[in-house]
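Spelled out, the chains give:
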Number of protein chains: 2
Amino acid sequence: MAYYPEPVARLIEALQKLPGIGPKTAQRLTFFLLKRPPEEVTALGEAIVRVKAQIVNCSVCFNVTEEDPCRICTDPARDGKSLCVVEEPNDLLALERTGLHRGRYHVLLGALSPLDGIGPEDLRVRELLARVETQPVDEVILATNPNVEGEATAIYLAKLLRPLVGRVTRIARGLPVGGDLEYADEVTLGKSLEGRKEMG
Amino acid sequence: MAYYPEPVARLIEALQKLPGIGPKTAQRLTFFLLKRPPEEVTALGEAIVRVKAQIVNCSVCFNVTEEDPCRICTDPARDGKSLCVVEEPNDLLALERTGLHRGRYHVLLGALSPLDGIGPEDLRVRELLARVETQPVDEVILATNPNVEGEATAIYLAKLLRPLVGRVTRIARGLPVGGDLEYADEVTLGKSLEGRKEMG
């Protein structure tokens, strides 16, 4: 005899497709929404519908954007000869927050992961090669994640890019600022030794 | 220079109003949605808008329902003389799954919590009293949660209901089935001793 009204059941089901949300959390969120003011709930629902309707991937760099090409690709103040390659739009935003990269970006929309069946053709690799072939690029900075997939992607791209671009660089791996040497894992500590620099 | 396109920023903000979802998770969910097929994302957004538009609280028992009064309140096979009082609609559903309560329900839509400023006037207490005054009720089962707020609510309601109803009962507290005596907390173990029954 236990049943959910159909709209409740449908929402619980839809929420379960989100990462990290199981049946219990989906149920909790649904009953939470049922208790909230209608305008707040409608705002959330419409924000979800709109984000998909209004946001596209930039046809040049594949960052998320409302206008195509995106604001970074069309900004004349950004240096088109320096391309920073990242896996996802949030990586781009994290780098933008540092304010240190004055060039443009290329978002792969993923990383190589043979175990998940993700190969180069699933990423924006062809488009990256086309970019460096059709416009002058002095440096490609490979800023994929410092994990297995990100490293594999960087190594793969470096091989393809070296014949086409003057400098192909990889962001530094090492001890995080404010971190503690004692608690660093061996791989990070090893990378930080390898990457050591003369003191100025 | 770091910015989110406006629809992205708006969704991240809206998601943060959900319980247990902070800025990082909201960002992760938003970028997850941007990578999903449009029909899946639209289905989620519309499910949220619809749940609020199509679901109301039953005007008799305050359970969530598409039709008012709800299916349990209008089901002639359910015993209107036995009322089970719960805090939230999910509690009702949990009880329905046991299949053991053949009466009807009353959903308080909360529990007394002076620290959060939730008093009897914020719950459906007045409506509960009106129900037992205007229709014959033999038993009210207080099935609020076995925590501080639920106990306080049960004690408060019992006091109000005793002059009006033949039997006012409280669901049993004791060791969970499949549990281990050694690991039970003292309060639960105490309750399970107090509530002991003659073996049949």
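All values reported here derive from a predicted model rather than from experimental measurement.

Asker: Please explain the overall build of chain A as it appears in this structure.
Answerer: A tally of regular secondary structure across chain A gives eight helices and six strands. Counting helices and strands in the order they occur from the N terminus, chain A gives α-α-α-β-β-α-β-α-β-α-β-α-β-α. Judged by the C-alpha coordinates and their principal axes, chain A covers about 70 × 45 × 35 Å. Looking at chain A as a whole, 42% of its 200 residues qualify as buried. Taking as baseline every contact in chain A between residues at least 6 positions apart, the subset at least 24 positions apart corresponds to 50%. Accessible surface, chain A as shown: approximately 11,100 Å² in total, 55% of it carbon and sulfur.

Asker: Before we go on, may I ask you to explain the side chain of arginine 104 of chain B in this structure?
Answerer: Residues and elements named next belong to chain B. Inspection of the secondary structure puts arginine 104 in strand S4 (residues 103-107). Buried within the structure, arginine 104 lacks any salt-bridge partner; aspartate 75 is the closest side chain of opposite charge, at an N-O distance of 6.1 Å. A distance of 2.7 Å separates a polar side-chain atom of arginine 104 from the backbone oxygen of aspartate 75. Within the structure, arginine 104 has its side chain in polar contact with the backbone oxygen of arginine 78 (distance 3.5 Å). If sequence neighbours within four positions are ignored, arginine 104 has contacts with Ile72, Cys73, Thr74, Asp75, Pro76, Arg78, Asp79, Gly80, Ser82, Leu83, Cys84 and Arg131.

Asker: Would you mind showing me how to read the domain arrangement of chain A here?
Answerer: Size of an interface, as often reported, equals the accessible area lost when the parts are brought together. As assigned here, chain A comprises domain 1 (6-54) and domain 2 (78-198). If you average the C-alpha positions of domain 1 of chain A and of domain 2 of chain A, the two centres end up 35 Å apart.

Asker: What is the right way to look at the sheet that holds S4 of chain B in this model?
Answerer: The pairing of strands in a sheet happens through backbone hydrogen bonds and is either parallel or antiparallel. Residue and element names in this part refer to chain B. Taken in spatial order, the four strands make up an open sheet running S4-S3-S5-S6, and their pairing is parallel. Only two strands of the sheet have a single partner each, and these edge strands are S4 and strand S6 (167-170). Direction aside, the axes of adjacent strands within the sheet are offset by 25° on average. Bridging between strand S3 (residues 79-86) and strand S5 (residues 139-142) involves four bridges; their strand directions are parallel. Across the sheet, leucine 83 pairs through a bridge with valine 140, a residue of S5. Packed onto the sheet, helix H6 (residues 125-134) meets S3, S4 and S5 and runs at close to 150° relative to S4.

Asker: Can you walk me through the sheet that holds strand S3 (residues 79-86) of chain A in this structure?
Answerer: Residues and elements named next belong to chain A. Ordered by their spatial adjacency, four strands build an open sheet running S4-S3-S5-S6, and the pairing between neighbours is parallel. Both outer strands of the open sheet, strand S4 (103-107) and strand S6 (167-170), are each paired with one neighbouring strand and no more. Within the sheet, the average angular offset between the axes of one strand and its neighbour, ignoring direction, is 25°. Inspection of the sheet shows S3 paired to S4 by five bridges, in the parallel sense. Following the sheet pairing, aspartate 79 is matched in S4 by glycine 103. Relative to S4, helix H5 (residues 89-98) is tilted by about 160°, and along the sheet it contacts S3 and S4.

Asker: For this particular structure, what's the right way to read the relation of the copies chain A and chain B?
Answerer: Mapping one chain copy onto the other needs a rotation about an axis and a shift along that axis. Taken as rigid bodies, chain A and chain B are interconverted by a rotation of 180° and an axial shift of 0.0 Å, the fit giving an RMSD of 0.1 Å. The relationship between the two copies is best expressed as a two-fold rotation axis. Considering only C-alpha atoms, the residue of chain A closest to the rotation axis is glycine 45 of chain A, which sits at 2.1 Å. By residue overlap, the copies meet face to face through one surface: 100% of the interface positions of chain A are interface positions in chain B.

Asker: Could you clarify how one ought to interpret the interface of chain A and chain B in this entry?
Answerer: With 56 residues of chain A at the interface, the matching set in chain B holds 56 residues. If you sort the residues of chain A by the area they bury against chain B, Tyr3, Ile48 and Lys52 of chain A come out on top, with a joint share of 13%. Applying the counting rule to chain A against chain B returns two salt bridges. Ionic pairing is found between lysine 35 of chain A and glutamate 88 of chain B, a salt bridge with its closest N-O pair at 2.7 Å. There are 12 residue pairs in polar contact (both at pLDDT 80 or more) connecting chain A and chain B. For the side of chain A that touches chain B, the secondary-structure elements that each account for two or more residues are helix H1 (6-15), helix H2 (23-35), helix H3 (38-54), strand S2 (64-65), helix H4 (71-74) and H5 of chain A. At 14 residues, H3 of chain A tops the list of elements feeding residues into the side of chain A that touches chain B. Of the residues belonging to the side of chain A that touches chain B, the class tally is 31 nonpolar, seven polar and 18 charged.

Calculation criteria
Residues numbered from 1 in each chain as written. Chains lettered and ligands numbered in written order. Predicted model: local features only at pLDDT ≥ 70, side-chain atom pairs only at ≥ 80, totals over all residues. Heavy atoms only, no water. Helix = DSSP H or I, 4+ residues; strand = E, 2+ residues; numbered from the N terminus. Buried < 20%, exposed > 50% of the residue type's maximum accessible area, 1.4 Å probe, protein only. Contact = heavy atoms within 4.5 Å. Areas by Shrake-Rupley, 256 points an atom, 1.4 Å probe, with all protein chains shown as cover. Lys, Arg positive; Asp, Glu negative; His and termini not counted. Salt bridge = Lys/Arg side-chain N within 4 Å of Asp/Glu carboxyl O. Polar contact = N/O pair within 3.5 Å; in protein donor to acceptor, adjacent residues only side chain to side chain. Domains from an automatic or database assignment. Pairing = 2+ DSSP bridges. Axes fitted to C-alpha atoms, helices over the stretch in contact; angles between N-to-C directions. Least-squares fit on C-alpha atoms with pLDDT ≥ 70 in both. Buried area = accessible area lost by both parts, 1.4 Å probe. Nonpolar A, V, L, I, M, F, W, Y, C, P; charged D, E, K, R; others polar.

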